[in-house]
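# Notes for the structure review
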Amino acid sequence: MSLVTLAEILQPALKNNYAVAGLVTLGWEETRAYVAAAEAEGVAVILQAGPGCREHTPLPILGKTFRYLAENASVPVVAHLDHGYTLEECKIALDSGFTSIMYDGSRKPLQQNIDETAAIAEMAHAAGVSCEGEIGFVGYSGGEQSAGTDPDEAAQFARDTGVDAMAISVGNVHLQQDKDGAGLDEPRIRAIEAVTDVPLVIHGGSGVPMAQRTHLARSSAVCKFNIGTELRMAFGNALRQAVNADPDRFDRVSILKETHDPVVAATRTVLQAFKGA
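This section reports on the structure supplied with the text. (Residues numbered from 1 in each chain as written. Predicted model: local features only at pLDDT ≥ 70, side-chain atom pairs only at ≥ 80, totals over all residues. Heavy atoms only, no water.)

### Digging into the overall build of the chain
Across its full length, the chain holds 12 helices and nine strands. The C-alpha atoms of the chain give 18 Å as radius of gyration, which agrees with the globular expectation for 277 residues (19 Å, within 12%). The C-alpha extent of the chain, read off along each of the three principal axes, is 60 × 40 × 35 Å. Going through the 277 residues of the chain one by one, you find that 53% of them count as buried. Put simply, of all contacts in the chain between residues at least 6 apart along the chain, 71% involve residues at least 24 apart. Counting only carbon and sulfur atoms, one obtains 52% of the accessible surface of the chain, whose full area is about 11,700 Å². Of the charged side chains in the chain, 22 are positive and 35 negative; the average position of the first set lies 5 Å away from that of the second. (Helix = DSSP H or I, 4+ residues; strand = E, 2+ residues; numbered from the N terminus. Rg over C-alpha atoms; globule rule 2.2 N^0.38 Å. Buried < 20%, exposed > 50% of the residue type's maximum accessible area, 1.4 Å probe, protein only. Contact = heavy atoms within 4.5 Å. Areas by Shrake-Rupley, 256 points an atom, 1.4 Å probe, with all protein chains shown as cover. Lys, Arg positive; Asp, Glu negative; His and termini not counted. Charge placed at Lys NZ, Arg CZ, Asp CG, Glu CD.)

Set out below in structure tokens:
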């Protein structure tokens, strides 16, 4: 069995200068491909059920899916709730066998975010699983604007919540489809890592240039990059090609099978960038 908690894989990453990918999933096909890619690269992987995924598939089913893949994998696998917004949702994830909970109180006032995240972290730790929180606010491409993380607030958040990982806002944006921007605000990252020893997390990792991903993985406290959009695009492109290749084909299993190899290949490229020197 290779099911592990977030803390169990991020602490070695922090110590040994590499990062782990948190791969956002929407269903069975890409989740299976993510684990296959991680096995091919010989690295740990974090399977993430975000809000969009949970709208489509109930948490108890996702928990069983993640645990099944983990128990049959040759590499460490984390079953992670991404952007849990309520205590009830986090409780359901715990009851469903998740080994890591991300509570997102980033839209709330600082003290409320701290108090609620601390309560979730306490609940998670009592159940033997990890907790990630977010300080600052990571915005959305074409939507809500980001609010950068203040280093002093980050230090307070890390200290008072007891989280195992801390998501920060340093120029990263959710749902970004290209990597042509300026990248992340490295001086702000350095200022944050100087005041806390908690592993740092970059949400919206698809918009971060590949070279900067590798640089930060090897030289900073950023130990987890969330990647979703980039791999959804790979899946969508493969699916479109499979559908268009034969207009008479209607069996979805035969169509979906053709997404596997392209998604594995795209995922391996993502994973390679986070390895140590």
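### Side note on helix 2 (residues 28-41)
Relative to the 20 Å expected for 14 residues at 1.5 Å per residue, helix 2 spans 20 Å between its end C-alpha atoms, a close match to the ideal helical length. Among all positions of helix 2, only Glu30, Thr31, Ala33, Tyr34, Val35, Ala37, Ala38 and Glu41 are buried. Close packing links the buried residues of helix 2 with strand 2 (20-25), strand 3 (45-49), helix 4 (59-71), helix 10 (229-245) and helix 12 (260-272). Following helix 2 by one or two positions, Gly42 adopts a phi angle in the positive range, close to 70°. (Expected span 1.5 Å × (residues − 1).)

### Quick notes on the pattern of salt bridges
Here the structure, examined in full by the defined rule, presents 11 salt bridges. Two residues, Glu41 and Arg268, come together in a salt bridge whose shortest N-O distance is 2.7 Å. In this pair, Glu41 is assigned in helix 2 and Arg268 in helix 12, connecting sequence segments 227 residues apart. Its relative accessible area of 31% is what places Arg268 among the partly exposed residues. (Salt bridge = Lys/Arg side-chain N within 4 Å of Asp/Glu carboxyl O.)

### Notes on the layout of surface pockets
Here the second largest pocket defines a volume of roughly 280 Å³. Looking at the lining of the second largest pocket, the elements with two or more residues in it are helix 2, helix 4 and helix 10. Grouping the amino acids of the lining of the second largest pocket by side-chain chemistry returns eight nonpolar, five polar and three charged. (1 Å grid on protein atoms, 1.4 Å probe; cavity = no way out; pocket = protein on both sides within 12 Å on 5 of 7 lines; lining within 4 Å. Points joined across faces, edges and corners; volume = space filled by probe spheres on them. Nonpolar A, V, L, I, M, F, W, Y, C, P; charged D, E, K, R; others polar.)

### With respect to the side chain of Ser96
Here Ser96 shows up in the loop between helix 5 (87-95) and strand 5 (100-103). Only 2.7 Å separates the side chain of Ser96 from the backbone oxygen of Ile92, close enough to count as a polar contact. (Polar contact = N/O pair within 3.5 Å; in protein donor to acceptor, adjacent residues only side chain to side chain.)

### Re the pairing of strand 4 (residues 77-84)
Burial within strand 4 is extensive, with eight of its eight residues counted as buried. Pairing between strand 1 (residues 3-4) and strand 4: two bridges, direction parallel. Paired with Val4 across the bridge in strand 4 is Val78. Pairing geometry for strand 3 and strand 4, over five bridges, is parallel. Its bridge partner being in strand 4, Ile46 is matched across the sheet by Val78. Relative to strand 5, strand 4 runs parallel, the two sharing three bridges. In the strand pairing of strand 5, His80 is matched with Ser100. Read as a crossover between parallel neighbours, the route from strand 4 over helix 5 to strand 5 is right-handed. (Pairing = 2+ DSSP bridges. Right-handed = clockwise from strand over helix to strand, strands pointing away.)

### Some thoughts on the state of the cysteines
Under the definition given, this model contains zero disulfides. As a non-bridged cysteine, Cys53 has Cys90 as the owner of its nearest cysteine sulfur, 15 Å distant. Owing to a relative accessible area of 2%, Cys53 belongs among the buried residues under this scheme. No disulfide involves Cys223; its sulfur sits 16 Å from the nearest other cysteine sulfur, which is in Cys131. The buried category is assigned to Cys223, whose relative accessible area is 0%. (Disulfide = S-S within 2.5 Å.)

### A word on the packing of aromatic side chains
Under the criterion given, the structure shown has two aromatic pairs. A centroid spacing of 5.7 Å and a plane angle of 65° characterise the contact between Phe66 and Phe98, whose relative ring orientation is edge-to-face. Taken as a pair, Phe66 in helix 4 and Phe98 in the loop between helix 5 and strand 5 lie far apart in primary sequence, 32 residues in all. Relative accessible area serves as the criterion here: at 2%, Phe98 is assigned to the buried category. Note on Phe225 and Phe274: the rings are 4.8 Å apart at their centroids and 15° apart in plane angle, and the pair reads as stacked. Of this pair, Phe225 sits in strand 9 (residues 222-227) while Phe274 is found in the segment after helix 12, placing the two residues 49 residues apart along the sequence. Across this residue pair, the class does not change: Phe225 and Phe274 are buried. (Phe/Tyr/Trp six-rings, centres within 6.5 Å; stacked < 30°, edge-to-face > 60°.)

### Some words on the environment of His56
Tracing the chain through its elements places His56 in helix 3 (residues 51-56). Separated by 27 residues in the primary sequence, His56 and Glu29 have C-alpha atoms spaced 14 Å apart.

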